[in-house]
Each structure stands twice: as C-alpha cells, then as structure tokens.
Amino acid sequence: MLHRLIGLAVTLLAASLVVYLSLYLSPGSPEQVLFGSRPPSPEVQEQVRHYLGLDQNVFVRYVDWLGNVLTGDLGTSLITQQPVADRVAPAAEVTLALVAYAGVLVLLLGIGSGLLAALRPGKLDGAVTAGTSVAVALPAFVASSLLISVFAVNLGWFPAYGLGTGVGGWLRGLTLPAISLAIIASGLLARVTRSAARAELASEHVQTATMRGISHGRLIRSHVLRNASAPIATVAGLQVAGLIAGAVVVEQAFGLGGLGGLLISSVQQKDFPVVQAVALIVVVGFVVLNLVADVISAILDPRVRRAVS
C-alpha cells in the first residue's frame, strides 16, 4: 500500500507540473489579459509583471504556486479578481453531483446487464450484446442531442437546459446528462462483466461447485462474482474516473454550469489561475478514483492483493 501512495504522490506532482507549465509556456501571458488591446507603458507593464511574480523563473513560480495549492490557496482570478476557490466551488458541486449520478448508473447498468448476458445465453445475451455495441459507439454529444429531443422537447419529462431548485430539481435536471454521460462507460463495463463472468462459469471450480449441489444464488455470489470482481472493479474504476473528463461536453450541452463550462470560458478569457485549478481538480479526481478502484480490487480478490504486496 505504501508504494501505491508514493506512486500517487509522484503522479500528482508530475501532473501539477505539466498543468502549470503547459499554460505558462503557451502563447500569450496573464498580463496581456489585464492590459487588453491598449497596453500601458513598459514601466507599468514591468510593475504588473513584478506584482504577478512573472519576472521570476518559471520553476520558482511553480514551487510558490504548488505551496499555495497545498495550503488551499488556488490563487486569484485575473478576470473577476475573486479567489479561485470561490469560482470553482459552485461548479465543482455540480460536476461532482453529475459524476456521482452517472457513476451509479454505470455500475448498475454495466454490471447488471453484463451479468444478465453471461447467465442467460441465447436471445437475451444477443440483445444485450447488440445494445452494448450501440452504446460504446454513441458519443456523449450525440446521446445528449437525442435525449433532449425525445425526453425534454417531445415528452417534456425532463428539463432541456439548466438545473431546477431543491433536491428534486437537481435530480430532474441531472437525469438526462447523467444518462448521456453513462452510456458509453456502461456499455464497456457490461462487455467486461459478461466476459469475466463467462470465464468463471466455464472454470473447473464452478463446475465442481455445481456438481456438489450448491444453490444457484450462492454459486453466483461466492464463486462467479467473487472471482470476476477484480477485472470488473478495475474497469469500473477507469470508466467512472473517465466520467470527470467526459462531463465537460455533457455540461455544455445541458447548460449545467459545472467545471466543464468554467474551464471553457476560462480558457477563452485566458484566466490562467482558474484553468490551472480546474485542470488540477480533474487530474486529482481521475488519479484518486483509479487508486480507489485498485484498492477495492485488492480487497475483493486475494490474488490481486498478493500480486501487489
């Protein structure tokens, strides 16, 4: 476990460096955002650069920025002059709710349909396989358009844009975006679940347990799911973690005002501190969710625990 935590720390450190340097090495600079189309005199420009710390070495600035981030200070927005944390917090709340909702759908639909296809070969297996083939080939923006057209515009069951008020309003507003976000991931997870469950059903220990007269429910729980849990948990972790990045497109389609919309608007405005904070949050979320998936896989399957110990 220790080497996993060390690996997590190294990965996050490298990711933070890439996020910081990729912005400050790109064309343009933060002070140009403040100056606009009418730059002041060179003396004033130099004073602004000194105030922002841009006259220092880029790696010195990175160390200062990282130290502030570790203490919870994400900086100040160049556009609104607000603390970045105040701008990011409301958007992060929306994205977190969307990813959590979509993650639940991915686990339920992916594992449920994959296990159903493995246990019911024939027409049901064929129908699930066909459905997952369509799901993995359906981009999130296409799914968003279809769901808005059918369930929001034609049927009027859900809002087409934005969130309502209260818990009920949020649930209604997040349902179509969560489904759009979960379609591809649930299809991939269903395929892996079906394959892993099929392999366990054909294994010798399951055949032996069947001949011993073990009940079907116990056979599935104790022998099939338990041994197939490691690859399922690994892929589920990757798919759920990937929802964080995929949320950018879906949030824009439904006008949710999450991290995706904040990231795009901040990039357009060259609001460097906000872009850095959002990118860092996405990377941290992805890496941490993958670590959680690895830990769950080790807990569920002793073979994985021995392999990484």
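No experiment lies behind these values; they were computed from the predicted model shown. (Residues numbered from 1 in each chain as written. Predicted model: local features only at pLDDT ≥ 70, side-chain atom pairs only at ≥ 80, totals over all residues. Heavy atoms only, no water.)

Here we take up the packing of aromatic side chains. The geometry of two aromatic rings is summed up by the distance between their centres and the angle between their planes. The full count for this structure, using the stated rule, is 2 aromatic pairs. Ring centres of Tyr-62 and Trp-65 lie 6.2 Å apart, and the angle between their planes is 40 degrees; on these two criteria the pair is classed as tilted. Here Tyr-62 and its partner Trp-65 are both found in helix α4 (residues 58-70), 3 residues apart, which amounts to about one turn of the helix. On the basis of relative accessible area, Tyr-62 is assigned to the buried category, the value being 7%. A relative accessible area of 10% places Trp-65 in the buried class. On the numbers, 5.8 Å between centres and 45 degrees between planes, the contact of Phe-151 with Trp-157 is tilted. Taking the relative accessible area as the measure of exposure, Phe-151 reaches 26% and is therefore partly exposed. (Phe/Tyr/Trp six-rings, centres within 6.5 Å; stacked < 30°, edge-to-face > 60°. Helix = DSSP H or I, 4+ residues; strand = E, 2+ residues; numbered from the N terminus. Buried < 20%, exposed > 50% of the residue type's maximum accessible area, 1.4 Å probe, protein only.)

Here we come to a nonpolar patch on the surface. A cluster of nonpolar side chains, Val-284, Val-288, Val-292 and Ile-296, forms an exposed patch at the surface whose accessible area comes to about 260 Å². You can see Val-292 is positioned in helix α12 (residues 272-300). (Patch = residues over 30% accessible without salt bridge, like charges linked within 9 Å, V, L, I, M, F, W, Y side chains within 5 Å. Areas by Shrake-Rupley, 256 points an atom, 1.4 Å probe, with all protein chains shown as cover. Salt bridge = Lys/Arg side-chain N within 4 Å of Asp/Glu carboxyl O.)

Within the largest apolar cluster, 29 residues are counted, with the highest numbers of intra-cluster contacts made by Leu-98, Leu-181 and Leu-243. Looking at this core, the elements that each hand over two or more residues are α5 (84-119), α7 (140-154), α8 (166-201) and α10 (216-254). For this core, the element with the most residues is α10, which contributes 10 residues. (Core = buried A, V, L, I, M, F, W, Y, C linked by side-chain atoms within 4.5 Å.)

Below, the discussion takes up the environment of Leu-108. Checked against the element boundaries, Leu-108 lands in helix α5. Here Leu-108 falls in the exposed class, since its relative accessible area comes to 59%. The spacing of Leu-108 and Ala-190 is 82 residues in sequence and 9.7 Å in space, taken between C-alpha atoms.

As recorded in UniProt, the feature "transmembrane region" (unreviewed entry) lies at residues 5-25, 98-119, 131-158, 170-190, 228-254 and 274-300. Counted over residues 131-158, helix gives 75% and strand 0%. Its end C-alpha atoms are 24 Å apart. Overall, residues 170-190 shows 100% helix and 0% strand. The separation of its end C-alpha atoms is 28 Å. (UniProt positions renumbered as here; feature names shortened; annotations may be inferred.)

What follows deals with unusual backbone geometry. Even without a glycine there, the phi angle at Gln-81 is positive, about 60 degrees. By secondary structure assignment, the location of Gln-81 is in the loop between α4 and α5. Overall, the relative accessible area of 52% leaves Gln-81 in the exposed class.

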